[in-house]
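# Tertiary structure, described
If you want the building blocks of each chain, they are given just below.
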Amino acid sequence: MTGNIAILGYGLSAIGPGVGIGLIFAAYINGVARQPEARGMLQGIAILGFALAEALAIFGLVLAFVFKNG
Amino acid sequence: MSLNVLGSLASADGGGFQTPTTSEFYQPLLFDGPLAITRPAVVLMLSVGLIAWWLIATTKRAAIVPSKGQWATESLYGFVRNGVARDIIGSKDFLRFVPLLFTMFVLILVNNLFGVIPLIQYPTMSRIGIPIALTLVVYVTYHYIGIKRVGLGQYFKGLVPAGLPGWIVPLIFVLEVITFFITRPLTLALRLFGNMFAGHLLLLLFITGGQYMIINGGIGLKIAGAGSYVMAFALTIFEILIEFLQAYIFTLLAATYIAGSLSDEH
């Protein structure tokens, strides 16, 4: 079997943010369902949290390419 | 996706399918080496020209009853001004940062959308240098306004929240310095770059892979190739959503960092 183990690292680094983003949007949907008028306020916070959680997966992606030839 | 890629695939028939690599993103058009005029450079200049023309054309004869173009520009401006700047920075001194945020938003949005517009099809932000340049502007801005407001010593002192027990202060200080000076700019640039890069690579893979399977494969692979094109179509729609979202997130985070430097305890 050939390939590069760095790509495996990206797969691993995507697990955490995947779970995290799921939790963030679950909380967002919950919040909007309970209080629909808070939607505008919650949206910004949810997307901010999503962006921060996603950063870890992006690190994984970039590092996978950085170490591909190393 | 580009003509180069399709050409190289067609000429390499019989050699098996080559998956698209990172080298697809380096496309010099004129000259070579560090001063080459590359495809993203041309796309970036095109976007700047297009934005300038559009904004001037729709606001030059601003009327009380707006035309369609003026309405579009005004609602975009209103979104950045009210939805991002005023909500995040606060109504006291958000107005002087609106030009910066609006410029960032429009530039990133147009450049991202160029990733799926036929014939252009190159997301400029998938070259790391361009997100780094944009991030540098935000980085200098939020440190500058923070230092100008309270002075250099107080700025560093303000990194640690007041009221912590003495033994934990050095630890928090190191963490906050890393956050402010390394993590924030790094994630801001890499997020934009990574999303555009990964999305474009994914589209490239589905489209060139589908083409290869339809041309070279048997009947089963031909069907799979058609499926690959369906996926490419679905991902293009998804990509448009991501492109809007990334422009919004970049502006949102820039506003958040600026707001952090303006507030009394960051």
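Given the structure is predicted, the values throughout are model-derived calculations rather than measurements.

## As for the overall build of chain B
When its secondary structure is counted, chain B shows eight helices and two strands. Secondary structure of chain B in N-to-C order comes out as α-β-β-α-α-α-α-α-α-α. Across its three principal axes, chain B shows a C-alpha extent of roughly 70 × 60 × 40 Å. Expressed as a percentage of its 266 residues, the buried residues of chain B come to 32%. Taking the contacts inside chain B whose residues are at least 6 apart along the sequence as the reference set, 64% of them involve residues at least 24 apart.

## What about the overall build of chain A?
Scanning chain A from N- to C-terminus turns up two helices and zero strands. For chain A, whose C-alpha radius of gyration is 16 Å, the value lies well above the compact-globule estimate of 11 Å for 70 residues. Seen through its principal axes, chain A has C-alpha atoms that stretch 55 × 20 × 10 Å. Evaluated residue by residue, chain A yields a buried proportion of 13% over its 70 residues. Partitioning the contacts of chain A with sequence separation of at least 6, the portion at a separation of at least 24 is 76%.

## Quick look at the packing of helix α2 (residues 39–66) of chain A against helix α8 (residues 219–262) of chain B
Direction vectors running N to C along α2 of chain A and α8 of chain B enclose 95 degrees, while the axes themselves pass 10 Å from each other. Compared by their axis directions, α2 of chain A and α8 of chain B come out roughly perpendicular. When α2 of chain A is examined against α8 of chain B, the residues Gly44, Ile47, Leu48 and Ala51 of chain A are found in contact with a partner set consisting of Tyr248, Ile249, Leu252, Leu253 and Thr256 of chain B. Residues that form the contact of α2 of chain A with α8 of chain B fall into these classes: seven nonpolar, two polar and no charged.

## A few points about the packing of helix α2 (residues 39–59) of chain B against helix α3 (residues 68–89) of chain B
Residue and element names in this part refer to chain B. Remark: α2 packs on α3, axes separated minimally by 8 Å, with the N-to-C direction vectors making an angle of 115 degrees. Helix-helix and strand crossings are classified by hand; for α2 and α3 the assignment is left-handed. Judged by residue contacts, Leu55, Ala57, Thr58 and Thr59 of α2 engage Gly69, Gln70 and Thr73 from α3. A per-class count over the contact of α2 with α3 returns two nonpolar, five polar and no charged.

## Some points on unusual backbone geometry
Residue and element names in this part refer to chain B. Here Leu119, not a glycine, exhibits a phi torsion of approximately 80 degrees, which is positive. Of note, Leu119 is situated in the loop between α4 (98–113) and α5 (129–150). Within the chain, Gln121 stands out as a residue other than glycine whose phi angle is a positive 40 degrees. Within the secondary structure, Gln121 sits in the loop between α4 and α5.

## Structural notes on α3 of chain B
Residue and element names in this part refer to chain B. Its 22 residues give α3 an end-to-end C-alpha distance of 30 Å, which sits within 8% of 32 Å, the value for a rise of 1.5 Å per residue. Of the positions making up α3, those classed as buried are Val80, Val84, Ala85, Ile88 and Ile89. Residues of α3 that are buried make contact with α4 and α8. Directly after α3, the chain includes Gly90, whose backbone phi takes a positive value near 100 degrees.

## A short note on the nonpolar core
Within the largest apolar cluster, 52 residues are counted, with the highest numbers of intra-cluster contacts made by Ala85, Leu101, Ile108, Phe250, Ala254 and Ala255 of chain B. Those residues in contact with Leu101 of chain B, other than ones at most four positions away along the chain, are Val80, Val84, Ala85, Thr251, Ala254 and Ala255 of chain B.

## Observations concerning the environment of Leu8 of chain A
Checked against the element boundaries, Leu8 of chain A lands in helix α1 (residues 5–34). Judged by the 11 C-beta atoms lying within 10 Å of it, Leu8 of chain A is exposed.

## Regarding the confidence of the model for chain B
Residues and elements named next belong to chain B. Per-residue confidence for chain B gives a mean pLDDT of 85, with 93% of residues at or over 70. The element-level mean pLDDT for chain B is lowest in helix α1 (residues 3–11), coming to 43, with α4 highest at 94. For the stretch residues 1–13, pLDDT sits under 50, and the model shows 16 contacts to residues farther than four places along the chain or on other chains.

## A few points about the environment of Ile249 of chain B
Counting through the fold element by element, Ile249 of chain B comes out in helix α8. Residue Ile249 of chain B is classed as buried on the basis of its 22 C-beta neighbours within 10 Å. Along the backbone, Ile249 of chain B and Thr135 of chain B are 114 residues apart, and their C-alpha atoms lie at a distance of 13 Å. The contacts of Ile249 of chain B, once residues within four sequence positions are left out, are Ile47 and Ala51 of chain A.

Reading the values: rules and limits
Residues numbered from 1 in each chain as written. Chains lettered and ligands numbered in written order. Predicted model: local features only at pLDDT ≥ 70, side-chain atom pairs only at ≥ 80, totals over all residues. Helix = DSSP H or I, 4+ residues; strand = E, 2+ residues; numbered from the N terminus. Buried ≥ 20, exposed ≤ 12 C-beta atoms within 10 Å, placed from the backbone. Contact = placed C-beta atoms within 7 Å. Rg over C-alpha atoms; globule rule 2.2 N^0.38 Å. Axes fitted to C-alpha atoms, helices over the stretch in contact; angles between N-to-C directions. Parallel < 35°, antiparallel > 145°, perpendicular 65-115°, else oblique. Nonpolar A, V, L, I, M, F, W, Y, C, P; charged D, E, K, R; others polar. Left-handed = near helix turned anticlockwise from the far one by under 90°. Expected span 1.5 Å × (residues − 1). Core = buried A, V, L, I, M, F, W, Y, C linked by C-beta atoms within 7 Å. pLDDT = per-residue confidence, 0-100.

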